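# Structural features, examined
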Amino acid sequence: LSSPAGHVSIREVGPRDGFQNEPELIDTEEKLALIRMLARTGVPRMEIASFVRGDVIPQLADAAAVLTRAEIPSGVERSVIVPNERGLADALELAGYFDDVNVFLSASESHNERNVNRSIDQSLEALERVLEGVVGAGLRPRASISTAFGCPYEGEVPFRRVAALAQALVGAGAVEIGFGDTTGMANPSQVTTFFTDMRAGLPPEVELTAHFHNTRGQGLANVYAALLAGCRSFDASFGELGGCPVPAGATGNIATEDLVSMVHEMGLETGIDLHALIGASRAVQRTLNRPLTAHTLVAGPIDWHRAAL
Ligand code: ZN
């Protein structure tokens, strides 16, 4: 195995995956202030809004206000998540305020049923139409597969099932597939094999993204394992915010500041200013009025010069 080198693309999903799982409603103005800070860290991609029904996820019901008012420098790819055709129709009313549309389903029947109340086949059929609509609207289509590394209800999720879903989504137009370790069940050995085999089974132009949660503290080990398999695209959430509506106890995404610190120390580039990112996480701590669990937020960036004194 050779050392990973080059550029790593990070998508900040805190304003969506992170905020979605906050029980107390965050004021739209506060969201906009946090998004403004995040957008100035050099992060190349942000997932900022969801078109899941507002009565299902009230925290993200202000998607229209967030999208139309977010101050995001041009060049930062703005992404929204849509659950179905109705969600896409709602999103397209705000066309021009985002670049990329993410659709999602789970690789396990029981998680998909609990999360979106459909079978995998029903989801796939609907998402194929949604992706067609995204392509038709001239937007960047991508798809995410939850519970790709294991399901909290079913246990093992066969790789071939995840691969078949990925192929179907690519066939429907997705140019990027995200693989979610939604409840933190993946281990590094599994992850290296997974991304090596998935890469071999999909067209080379399709981007593969790892979406790890740090539920059991294995998130960054899994990042390293994915890097070894050639994966260079990761989702992460500032402050380690995030989770999943089902089941309870499914905690945060990997923390963006921990991910950035690790890959910078490894000599990889992200374009992100770690100090600025920590500033954004400090601000979200103040907004949420509680300490967050990202390690680098607590410890600060490594300062080799000072350590040498
Ligand atoms: Zn997630």
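Preceding this section is the structure that the text describes.
So, here's what we can say about the structure. Here the structure is a predicted model, which means the values were calculated and not measured. (Residues numbered from 1 in each chain as written. Predicted model: local features only at pLDDT ≥ 70, side-chain atom pairs only at ≥ 80, totals over all residues. Heavy atoms only, no water.)

## Overview of empty space enclosed by the protein
Rolling a probe over the atoms, with the probe sized like a water molecule, indicates the empty space that remains. As a reminder of what qualifies: Grid points spaced at 1 Å and placed over the protein atoms alone form the basis of the search, with a cavity being a set where a 1.4 Å probe fits but cannot get out and a pocket an open set showing protein on both sides within 12 Å along at least five of seven lines. Lining residues have an atom within 4 Å of a point. Grid points are joined across faces, edges and corners, and a volume is the space filled by probe spheres set on the points. Starting at the N terminus, helices and strands are each numbered in turn, a helix being any DSSP run of H or I of at least four residues and a strand any DSSP run of E of at least two. Residue polarity is assigned by list, with Asp, Glu, Lys and Arg as charged and Ala, Val, Leu, Ile, Met, Phe, Trp, Tyr, Cys and Pro as nonpolar; anything else, Gly included, falls into the polar class.
Scanning all chains against the criterion turns up one cavity of 30 Å³ or more. Lining the largest cavity are Pro-15, Phe-19, Lys-31, Ile-35, Ile-48, Ala-49, Ser-50, Leu-60, Asp-62, Ala-63 and Val-66. Counting residues per element, the ones that place at least two in the lining of the largest cavity are α1 (14-20), α2 (28-39), β2 (45-50) and α3 (63-69). By residue number, the principal contributor to the lining of the largest cavity is β2, which donates three residues. Here the residues of the lining of the largest cavity are counted per class, giving eight nonpolar, one polar and two charged.

## Description of the coordination of the zinc ion
Where we set the bar: As a rule, N, O and S atoms within 2.8 Å of a metal are its donors, except that Na, K and Ca use 3.2 Å; water is not among the atoms, so sites may look incomplete. Buried residues are those whose accessible area, probed at 1.4 Å on protein chains only, stays under 20% of the maximum for their type, while exposed residues exceed 50% and partly exposed ones sit between those limits.
The coordination sphere of the zinc ion, as far as protein atoms go, consists of Asp-17 (OD), His-211 (NE2) and His-213 (NE2), spread over 2.0 to 2.1 Å. Of note, the zinc ion draws all its donor residues from one chain, in the sequence arrangement D-x193-H-x1-H. Placement of Asp-17 in helix α1 and of His-213 in the loop between β7 (207-212) and α9 (219-228) is noted, with a sequence separation of 196 residues between them. Of the two residues examined, Asp-17 and His-213, each falls in the buried class.

## Quick look at the packing of aromatic side chains
This is how the line gets drawn: Only centres within 6.5 Å qualify two rings of Phe, Tyr or Trp (six-membered ring in Trp) as a pair; their planes then separate them into stacked at under 30 degrees, edge-to-face at over 60, and tilted for everything else. Look at NZ for Lys and CZ for Arg. If either is within 6 Å of the ring centre and within 35 degrees of the ring normal, a charge sits over the ring.
The full count for this structure, using the stated rule, is eight aromatic pairs. Pairing Phe-149 with Phe-195 gives two aromatic rings, centres 6.2 Å apart and planes at 40°, and the pair type is tilted. Residue Phe-149 is found in the loop between β5 (140-146) and α7 (159-171), and its partner Phe-195 is found in helix α8 (residues 188-201); the two are separated by 46 residues along the sequence. For the pair Phe-149 and Phe-195, one class covers both residues: buried. Here the aromatic cluster, defined as three or more aromatic residues joined through ring pairs, consists of Phe-149, Phe-159, Phe-179, Phe-194, Phe-195 and Phe-212. Geometry around Tyr-153 places Arg-114 over its ring, the cationic atom sitting 3.8 Å from the centre.

## Observations regarding the side chain of Ser-108
Test applied: As used in this structure description, the phrase polar contact means that two N or O atoms lie within 3.5 Å; if the pair is within protein, one of them must be able to donate a hydrogen and the other to accept it, and residues adjacent in sequence are counted only when both atoms belong to side chains. Only heavy atoms matter for contacts: two residues are in contact if any of them lie within 4.5 Å across the pair.
With respect to the element layout, Ser-108 can be found in the loop between β4 (100-106) and α5 (109-116). Of the residues examined, Ser-108 reaches a relative accessible area of 0% and is grouped as buried. A distance of 3.4 Å separates a polar atom in the side chain of Ser-108 from a polar atom in the side chain of Thr-147. Excluding residues that lie within four positions of it along the chain, Ser-108 makes contacts with Ile-120, Thr-147, Cys-151, Glu-154, Val-157 and Arg-161.

All quantities given are derived from atomic positions and should not be read as evidence of function.
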